[in-house]
Each structure stands twice: as structure tokens, then as C-alpha cells.
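Letter by letter, the chains look like this.
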Amino acid sequence: MADLMTGSEADVAVVGGGPAGLHAALVLAQGGLSVVLLDESDTLGGQYYKRRPAQLTAAFGDFRPRGTELIRQVREAEVVVRTGTLVWGAEDAGRTLFTSDVRTGALGRINTRATLAATGAYERSLPFPGWTLPGVVTPGFALHLATMDRVPVGNRVVLAGTGPFLLPVACALLEVGARIEALVELNHPYRPRASALGGTLRQPARLAEAARYLLTLARHGVRVEQGARVLAAYGDTQVTAVDIGHEDGRVRRLETDALCVGFGFRPSTELPRLLGCDTQADPTGTEQLPVVDADGTTSVDGLYVAGDCAGIAGVQAAGVRGQLAAHAILRRLAPERAPAPVAGLRRRARSLDRFAALADRLYPMPATADIPDDTQVCRCEGVSAGEIRQAAETGWNDLHGTKAATRAGMGPCQGRECGHIVAALAGRGSGPNRAAECFAARMPIRPLPMAATVEGQEVP
Amino acid sequence: MSTNSPPQTVTVTIDGAPGQAWAGQSVTAVLVAAGIWPLRRNPVNGQLRGPFCGMGVCLECEVTINGRPGSRSCTAHVTDGMDIRTHTEPLPTAAHG
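If you're wondering where the values come from, they're calculated on a predicted model, not measured in any experiment.

Q: I'd like a rundown of the overall build of chain A, residues and numbers included.
A: When its secondary structure is counted, chain A shows 14 helices and 23 strands. At 22 Å, chain A has a C-alpha radius of gyration in line with the 23 Å of a compact globule built from 460 residues. Look at the contacts in chain A between residues 6 or more apart in sequence, and 69% of them connect residues 24 or more apart.

This is how it looks when you write it as C-alpha cells:
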């Protein structure tokens, strides 16, 4: 098949145009290498630096101007930018990438000397009864609607789950006029215990950011309920109510027209895992992360990983890690150049890692054991927690057997929504030492229209 | 945040009914702003589904845009004259068993 595709060459391919990929591409191009920067989206920026459409920027102003500036620098450095390009496969340690044009479906191939995976992350959801109802969404969806499109996700919004991300989402919703019925935080992060303070003091700026958000919420009279969770959502054709369970057993029903629930982020590791890179369990024990050194070097020669896809650490860390990976690639591919000093970047990366570790301690994930049996876990194939538990108990006692027996994870999202839950439910034993399993990464690592593959065969 | 001029509007058609949207808005945003949440049926169990992740991962927000079925409304932007069709009618048969 590869021979039928249009091919192109570059010294380095950077997959993902978010903070890590942008910073890396800039350093690589300034170092004299030819760089192709690939992103599935039609604009650069990734999720954090997602671009507000030009027509809306004219009316409402730029969104996160730092992103605009970074993208301008990348283009000026003559990075070959290929947006609207999906990387759906790779081989030869990432030196061959298979692509598809998102609009036309045309297949392509890119040959490189090194590849940097900067594929970021997506939101982590946990199933509860009613989570497939229209009107139940991720907090990130609500944020994009508010910031990009200037549309409030609802008039009576309930935000729930865990993580620092819920705070900026709530503030963005207030800015577009949404009323927030409650912000329901599973944990108790906003009264940190003394043991956690050591980490917070090293990142006062980040702490101040959270304090500012909390102040805004207080000024708008938004209830922040800690130690509470969504038990179930109700509605006929769309969500109309939600039950919130408190630690003391109290259950409160809230009327809502938009329920946003999220539990942090899942790293998007399909590309490095497809290439056979060594992995290890993440701090939550529910994901397999690529094993990387301080520069993002993996066990696969020529493959580098940076940003949230190497472990969730946020936008600042992604930028620093992207630069470190780029410097490592430069030392490798352009050894005649005097290597840039990177000690400062490495120090900053370690400091940001400590902050990420603090967030992991403040916002732990809930147990999957209490997901009711009749709750749908796999949204695409409509498979319940009970069906998965039963399959695991009746001998399909590994993740892949359970997937084959129940079809959980076999739908169009390829297990991105349910994979971590299916793994937790199907896993034998428990405890921190049990290796987190995950679905194997296979080509195509992102859904590809059948028309694209058929048309691809006809390319001379 | 500065407000320079009101956004340019475009006309789109949602399930046959004409409506206004701001140029550049995502198709999902226009549907949500119009109060249209259910967009399709899950092909396995027939349940109504609407946009969920907003970033092209879950594929729950697929609609037909200008005659092209299976278009992700969260990653598509409206243009003048765009025809958007949802698919919430009950399924004739279940896909499995």
C-alpha cells in the first residue's frame, strides 16, 4: 500500500501542533533542520492554544495571544505546516509515517530521520448512569464552546468530576453568561494538607492562578461542593436533572440543561505504543505511558515523545519538554553544531513535574469498583459494566479476551472513552503493583473513512 | 477582551429550517445555541446521542453536512448556505443480534 501513496521527506516530523509540538518545531527549524509539523485539526495550537476563528477574533479579540505569537514564529522559521493531516500509522521506528488528508481522504507518506510524538491528551471520563444522554458533555467541550464560539453550553450548568481544570472552565462559562448551579469536586483540593504544601510553594504562580479562579467563582456566588460526586443523570431526550451524592450519604437532585463531567486527562499514546516503545504505568495506575528520559528519548531509536502524551503535566511543561526533545534531536542529527545549553530547561522541567505530581495527589481518581453493573461503559458498542465483569469472570480474564467477548472498545472511538475503565474492570487482582493493561495500538490509530482507503488504492 | 464589531452572520439550514449563525462558529456550537442536543442514534442500541467530547475523539456528534454523512460537527465550521442534517429518527433495525 505504501507504494501507492504520495511521499515527502523531512529531517524531522513533529506529530501534533499543540504547545509541545510548536515549541519543538521552532527549536528544530532554528537549528537548521527541515521540519514538517502535522496536525489533524485545521489550525495549529492543539487544545490549549486552540485558535478562535478569524471572523470571531475580529469581533471578540484574540484568545491566548501567546499561542498566536508562537504559531507566527513557527511559520516564520519555515516549518512546513500540514494541518488537516491525520497521522494514522507508522513503521520503521517512526521514520515512515502514513497520513490522510482530513478533507479529501488522500493518503500520503512521510519519510523522516526522526519523529517527535507530541500528540497531547484528551479528557478522561468515568461512566455513570445516564452519561450517554445528550447534554452530558466533557468540561473541555463546554470550554471550547465558551471560548471559541462564544456559546454557553447551557443556562443551568452543573460542572463535576475532579481536577484543577474545572475552575477555568467554570470561569469561562460565567463570562458567556451561563448560570452554574454547582461545581462538584470529588476531592478536597482547596484545603490542602500540610504534607502537600512543599510542592505548592515551588510553583506560587500556578497556585495564584487557582486562587484567582476561586475568587471569581465566589464573587459570582458559585457553590463549590467538595467531596461530592455525580451519581446519575436523568432525562428523556436530553439531560434534565442530576443526582449529586455527598460523603455523608446525602443525595441532592439538581435541575440542569448541561452536565459537564471530567476527571482530568488521558495521554494520547497510540503512536509511540504502535511503534513498540517501552511503557510503564502512570501515577493513576490506569494508563501505560511511554518510558522517556529527561529529553523525551524513547526505547525506539529515532522516536521522541514530549508533552502530555508522555504524562499529564500541563501547558508549561509541554513547552519545556518540547524544547528539550528538539535539542536532543539536534544533537543527534546535526552533531556539527555546538549543542545548546539545556541545564536550565531541565531544571524547569523537574520543577513543573513536581507541580504535576502535587496535582495527582490533590485530585486522585475514584475507584472503578462502585460503577453499577447496569451502567454503560462502552458508549459506542453499548456494553455495560456488568457484561464486562461477567466476561472477565467467566474466563475471558484478560483485557483482550474481554474486549473480544463483549465488543467493549471496538467502536469508532477505538476505546478512547472506555479503554481505561474496561482495563480496570477486566483486570485480575488489584493494588498499586498490578500492571495497567491497555488496548493494543493498531493501524489505523485514528478512524479513517473507508472512502479514503478505497480511493488510496487507486492513486497511481 | 475588546469588542470591535459584531461578528459577521451567515445563514445555515438545520433539518430544513433556516437559521442564523456567526461565521466561523463550529457546527456543534450552532446546534447547541439552537437548543438542538440529540444529533443521532447509537447504531447498536438506538439511544439518542449528542456531542460529548468536542474535540473529534468520541464521534458522537456526527451529522450530515452538505450531503456528506458522518461529518463531525465539533470540528466543522459553518459557512454561508451550509445544510446540516441530524439523524434522530428511530432505527429500522438493530445492528446486532
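Q: Any chance you could break down the domain arrangement of chain A for me, citing the residues and the numbers?
A: Residue and element names in this part refer to chain A. Partitioning chain A into structural domains gives domain 1 (6-122 + 266-361), domain 2 (125-263) and domain 3 (368-426). The straight-line distance from the C-alpha centre of domain 1 to that of domain 3 is 31 Å. Residue-level contacts link four residues of domain 1 with four residues of domain 3. Split into classes, the residues belonging to the side of domain 1 that touches domain 3 amount to one nonpolar, one polar and two charged.

Q: An account of the sheet that holds strand β2 (residues 17-22) of chain B is requested, with residue identities and associated values reported.
A: Residues and elements named next belong to chain B. Here five strands make up an open sheet; going across it, the order is β2-β1-β7-β5-β6 and the pairing mixed. In this open sheet, the two strands that pair with only one neighbour each are β2 and β6 (68-72). Between one strand axis and the next, the sheet turns by 40 degrees as a mean value, whatever way the strands run. Taken together, the three bridges between strand β5 (residues 62-65) and β6 define a ladder with antiparallel strand orientation. Opposite Glu 62, over in β6, you have Arg 72 as the bridge partner.

Q: Quick rundown of the packing of helix α4 (residues 139-149) of chain A against helix α5 (residues 166-175) of chain A? Include the residues and the values.
A: Residues and elements named next belong to chain A. For the pair α4 and α5, the least separation of the axes is 9 Å and the interaxial angle reads 35 degrees. As α4 packs across α5, the resulting crossing turns out to be left-handed. In this structure, α4 contributes Pro 139, Ala 142, Leu 143, Ala 146 and Thr 147 to the contact, and α5 contributes Leu 166, Val 169, Ala 172, Leu 173 and Glu 175. Of the residues that constitute the contact of α4 with α5, the class distribution is eight nonpolar, one polar and one charged.

Q: So what about the interface of chain B and chain A? Which residues, and what values?
A: Counting residues at the interface gives 36 residues for chain B, matched by 36 residues for chain A. For the side of chain B that touches chain A, the secondary structure elements donating two or more residues are α1 (27-33) and β4 (48-49) of chain B. Considering each element in turn, the side of chain B that touches chain A owes the most residues, three residues, to α1(B). Taken together, the residues of the side of chain B that touches chain A break down into 19 nonpolar, 16 polar and one charged.

Q: Explain the sheet that holds strand β13 (residues 224-226) of chain A to me, using residue names and the numbers behind them.
A: Residue and element names in this part refer to chain A. Taken in spatial order, the five strands of this open sheet run β10-β17-β11-β12-β13, and their pairing is parallel. If you trace the sheet from one side to the other, it starts and ends with β10 (136-137) and β13, each paired once. Sheet analysis places strand β12 (residues 179-185) next to β13, joined by three bridges and oriented parallel. Counterpart to Val 184 in the pairing with β13 is Glu 225. In the packing of α4 onto the sheet, the strands contacted are β10, β11 (156-162) and β17 (258-263), and the crossing angle to β17 comes to about 120 degrees. Lying on the sheet, α5 is in contact with β11, β12 and β17; it crosses β12 at an angle near 175 degrees.

Q: Describe the packing of helix α12 (residues 399-406) of chain A against helix α13 (residues 419-426) of chain A, naming the residues involved and giving the relevant values.
A: Residues and elements named next belong to chain A. Close contact between α12 and α13 brings their axes to 9 Å; oriented N to C, the two are set at 110 degrees. Looking at the two axes, α12 sits roughly perpendicular to α13. Counting all contacts with α12, which are made through Leu 399, Thr 402 and Lys 403, the residues of α13 involved are Val 422, Ala 423 and Ala 426. Taken together, the residues of the contact of α12 with α13 break down into four nonpolar, one polar and one charged.

Q: Account for α5(A), naming residues and giving values.
A: All names here are of chain A. When you tally the buried positions in α5, you get seven out of ten residues, the bulk of the element. Turning to α5, its buried residues are Leu 166, Leu 167, Val 169, Ala 170, Cys 171, Ala 172 and Leu 173. Just downstream of α5 lies Gly 177, where phi reads positive at about 90 degrees.

Q: Describe the environment of B:Leu31, and please don't skip the residues or the numbers.
A: Residue and element names in this part refer to chain B. You can see Leu 31 is positioned in helix α1. Note on Leu 31: 29 C-beta atoms within 10 Å, which makes it buried. Separated by 55 residues in the primary sequence, Leu 31 and Thr 86 have C-alpha atoms spaced 9.7 Å apart. Apart from residues lying up to four places away in sequence, Leu 31 is in contact with Ile 14, Ile 36, Leu 39 and Ser 73.

Q: Requested: an account of the environment of A:Leu215, with residues and values cited.
A: Of note, A:Leu215 is situated in helix α7 (residues 204-219). Placed 171 residues apart in sequence, A:Leu215 and A:Gly386 show a C-alpha to C-alpha distance of 42 Å.

Q: Can you explain the pairing of β5(B)? Please cite residues and give values.
A: All names here are of chain B. Between β5 and β6, which pair antiparallel in sequence order, lie two residues; one of them, Asn 66, sits at a positive phi of approximately 50 degrees. When β5 meets strand β7 (residues 83-85), the two strands line up antiparallel, connected through two bridges. Following the sheet pairing, Thr 64 is matched in β7 by Arg 85.

Q: Explain unusual backbone geometry to me, and be specific about the residues and the numbers.
A: The step from A:Met443 to A:Pro444 runs through a cis peptide bond, and the omega angle for that step is -5 degrees. Tracing the chain through its elements places A:Pro444 in the loop between α13 and α14 (450-458). Backbone geometry at B:Leu59 places phi at a positive 60 degrees, although glycine is not the residue there. Considering the arrangement of structural elements, one finds B:Leu59 in the loop between β4 and β5. Looking at B:Leu59, the number of C-beta atoms within 10 Å reads 22, which means it is buried.

The rules we used
- Residues numbered from 1 in each chain as written.
- Chains lettered and ligands numbered in written order.
- Predicted model: local features only at pLDDT ≥ 70, side-chain atom pairs only at ≥ 80, totals over all residues.
- Helix = DSSP H or I, 4+ residues; strand = E, 2+ residues; numbered from the N terminus.
- Rg over C-alpha atoms; globule rule 2.2 N^0.38 Å.
- Contact = placed C-beta atoms within 7 Å.
- Domains from an automatic or database assignment.
- Nonpolar A, V, L, I, M, F, W, Y, C, P; charged D, E, K, R; others polar.
- Pairing = 2+ DSSP bridges.
- Axes fitted to C-alpha atoms, helices over the stretch in contact; angles between N-to-C directions.
- Left-handed = near helix turned anticlockwise from the far one by under 90°.
- Parallel < 35°, antiparallel > 145°, perpendicular 65-115°, else oblique.
- Buried ≥ 20, exposed ≤ 12 C-beta atoms within 10 Å, placed from the backbone.

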